[in-house]
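# Coordinate inspection notes
Now for the letters of each chain:
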Amino acid sequence: MRAPRRAGAWRLLDEPMRVLVIVVAAAFAAGSLLWTLVTGFGDAQTALAFGVLIALGELARITLPGNREVAPVASAGAIGYTFLLNIGGDHVHHSGWQVLAVVTVGFALGELPHIAAGRTPEWSDLARRMMVIVVITLAFRPFAGDLSPGAEESQWWPALLLMAVLVLAGWLTDAVIAAAIRAERLRARLTVAFRDELRAHAGLGMAIGSSGILIALASTITGLAGLLVFTAPLLVTQVAFRRFAEVRLTYLQTVRALSRVTEVGGYVATGHSRRVSRLAKSIGCELGMRESDLLELEYAALMHDIGQLSLRDPIASGATVFALPREQRRIAELGAAVIRETGVLDSVAELVRRQCEPHGGDGDDGPPPQGSRVIKVANAVDDLVGESGDPERVQAVLERLRMDGFGEYDPEVVEAAARAIERASCRW
């Protein structure tokens, strides 16, 4: 069972990696502001223009699937200011610390309206955006004077190559930090979380990095007008990603609403689908499942009992664990048929269809998918425990599943469920 999550400062003690990233980013931000206030700003007009761009980009930040908060325009503007060597043919001489100071002020100004409206940012994501710029800036600006090209086109290649390498390094740094925070929060495996972050950031990361480089190069010829010209394509990309995130959110909301039909109809106990979904996701994290597989698992767990709508007489308390195997199979197949009608959730339907099979399989199809085995265990635990918070009852149920694990329940999944409950990573 899970104890109530601690709030405020006590909660931070459970996430030391997240706290460390925020503290380090804040230290760089404060140090850069102090240093720049002491030494003064160089090329103030350019700093102001990029600061405004970064602030507007932060104001337009979006949240992608997986609760990943990103600000593509702000990040591209910060990278462009880092790589800036010339403005309209005139050399610029700002230091790396000034870059960080401008980025800090831009981030802060962009977040103020959000905070005033009660939309507090995800501080770890904001810190990650800052750390990417720290890595790129401290590696590039000390050599900016030597890399500043002359009139010959060939002299641009060393600078361009270094920019590309540093963008890649910044992207990998961000993926590593994000994976560490995600693995810590979800109790997932670091390697799995890292692969998930690489896939999640690949497309948008390339767009942000290339836009930052183009902004820096274009400003050499067009001056500050290059900010507007090369920010426009990134805005289009951001709109596309925002719509994608909205579609994903609508999908999840629709599935959650559909899962409540069985509760409203009195076929299952109130909150059963939600509890099974949370426990199933926690078990999936313990087993090292990928983010895409966890999403399918969440959908399937929410709708695993939808086949009960076909029953003339509801099962007592809606607990399918007490139904006959033939009845369980019928419920699963009818539920899968309903889900297939959507035309886009075939893999989810397959997880639901095979959820009642023994972990070794009962036909020619072989063992059921891992997600089906997870749902079978999560459903049995909630059917037998329900909303009870009695630890002894939970342990008795787990022991029962262990004894039945040689035939019905996957022992590995049962042990993962025990770890998930022990770590308090699911809530009833």
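Just above sits the structure.
So, about the overall build of the protein chain. Scanning the protein chain from terminus to terminus reveals 18 helices and 4 strands. Summarising its shape, the C-alpha atoms of the protein chain cover approximately 80 × 45 × 40 Å along the three principal directions. For the protein chain, the proportion of its 428 residues judged to be buried stands at 49%. Residue pairs in contact within the protein chain that sit at least 24 positions apart in sequence constitute 71% of those at least 6 positions apart. Taken as a whole, the protein chain presents about 20200 Å² of accessible surface, with 62% of it coming from carbon and sulfur.

A word on a nonpolar patch on the surface. A cluster of nonpolar residues, L33, V105, L109 and L112, forms a patch on the protein surface that exposes about 320 Å² of accessible area. Examining the composition of the nonpolar patch, we find that 3 residues originate from one element, helix 5 (residues 96–116), more than from any other. Looking at the secondary structure, you find L109 in helix 5. Look at L109 and you get partly exposed, because its relative accessible area is 49%.

Another aspect to go through is helix 16 (residues 370–385). Taking 1.5 Å per residue as the helical rise, helix 16 with its 16 residues ought to reach 22 Å, and the 23 Å between its terminal C-alpha atoms agrees with that figure. Taken across its 16 residues, helix 16 has 15 buried, putting it largely inside the fold. Positive backbone phi, at 65°, marks G386, one or two positions downstream of helix 16.

Bringing the layout of surface pockets into the picture now. Of the voids in this model, the second largest pocket is the one considered here, and its volume is about 630 Å³. Contributing to the lining of the second largest pocket are 33 residues, with L64, R68, A200, H201 and L204 lying nearest its centre. Elements represented by at least two residues in the lining of the second largest pocket include exactly strand 2 (68–70), helix 4 (72–83), helix 6 (123–140), helix 8 (156–186), helix 9 (190–222), helix 10 (225–259) and helix 13 (291–302). When residues in the lining of the second largest pocket are grouped by element, the largest group, 8 residues, is from helix 9. Taken together, the residues of the lining of the second largest pocket break down into 16 nonpolar, 6 polar and 11 charged.

The next thing to look at is the packing of helix 6 against helix 8. Two elements in contact, helix 6 and helix 8, have axes whose closest approach is 9 Å; the angle formed by their N-to-C orientations is 150°. Our classification of the angle between helix 6 and helix 8 gives roughly antiparallel. Seen along the crossing, helix 6 lies across helix 8 with a hand that is right-handed. Residue-level contacts link S124, R128, M131, V132, V135, I136, A139 and F140 of helix 6 to L162, M163, L166, V167, G170, T173, D174, I177, A178 and I181 of helix 8. Split into classes, the residues belonging to the contact of helix 6 with helix 8 amount to 13 nonpolar, 3 polar and 2 charged.

Here the focus is the pattern of salt bridges. When their charged atoms lie close together, side chains carrying opposite charge are able to pair. All told, the structure shown has 24 salt bridges when counted by the stated rule. A salt bridge links D293 to R290; its shortest N-O distance comes to 3.4 Å. Overall, the relative accessible area of 27% leaves D293 in the partly exposed class. The exposure class assigned to R290 is partly exposed, which follows from its relative accessible area of 37%. Between R402 and E415 there is a salt bridge, with its nearest N and O atoms 2.6 Å apart. Residue R402 is located in helix 17 (residues 391–404), and its partner E415 is located in helix 18 (residues 411–422); the two are separated by 13 residues in the primary sequence. The class of R402 is partly exposed, set by a relative accessible area of 25%. Within the structure, one salt-bridge network assembled from shared partners comprises E58, R61, E69, E111 and R129.

Note that S372 resides in helix 16. Classification of S372 by relative accessible area gives buried; the value is 0%. The contact partners of S372, leaving out residues within four places of it in the chain, are E350, L351, R354 and Q355.

Counting residues in each nonpolar core, the largest one holds 52 residues, and the members touching the most others are F83, V103 and M130. In terms of residue count, the dominant contributor to this core is helix 6 (9 residues). With near-sequence residues (within four places) excluded, V103 lies in contact with I54, A78, M130 and I133. Formed by 45 residues, the second largest nonpolar core is a distinct cluster that contains L252, A280, L297 and V413.

Once that is clear, we can look at empty space enclosed by the protein. Applying the stated criterion to the full structure yields 1 cavity of 30 Å³ or more. Taken as a whole, the largest cavity holds about 40 Å³ of empty space. Around the largest cavity sit R182, L186, A188, V192, A193, D196, C285, M289 and L294, which together line it. If you list the elements that add at least two residues to the lining of the largest cavity, you get helix 8 and helix 9. Among the elements that line the lining of the largest cavity, the one with the most residues is helix 9, at 3 residues. Across the lining of the largest cavity, the residue classes break down as 7 nonpolar, no polar and 2 charged.

Definitions and cut-offs
- Residues numbered from 1 in each chain as written.
- Predicted model: local features only at pLDDT ≥ 70, side-chain atom pairs only at ≥ 80, totals over all residues.
- Heavy atoms only, no water.
- Helix = DSSP H or I, 4+ residues; strand = E, 2+ residues; numbered from the N terminus.
- Buried < 20%, exposed > 50% of the residue type's maximum accessible area, 1.4 Å probe, protein only.
- Contact = heavy atoms within 4.5 Å.
- Areas by Shrake-Rupley, 256 points an atom, 1.4 Å probe, with all protein chains shown as cover.
- Patch = residues over 30% accessible without salt bridge, like charges linked within 9 Å, V, L, I, M, F, W, Y side chains within 5 Å.
- Salt bridge = Lys/Arg side-chain N within 4 Å of Asp/Glu carboxyl O.
- Expected span 1.5 Å × (residues − 1).
- 1 Å grid on protein atoms, 1.4 Å probe; cavity = no way out; pocket = protein on both sides within 12 Å on 5 of 7 lines; lining within 4 Å.
- Points joined across faces, edges and corners; volume = space filled by probe spheres on them.
- Nonpolar A, V, L, I, M, F, W, Y, C, P; charged D, E, K, R; others polar.
- Axes fitted to C-alpha atoms, helices over the stretch in contact; angles between N-to-C directions.
- Parallel < 35°, antiparallel > 145°, perpendicular 65-115°, else oblique.
- Left-handed = near helix turned anticlockwise from the far one by under 90°.
- Core = buried A, V, L, I, M, F, W, Y, C linked by side-chain atoms within 4.5 Å.

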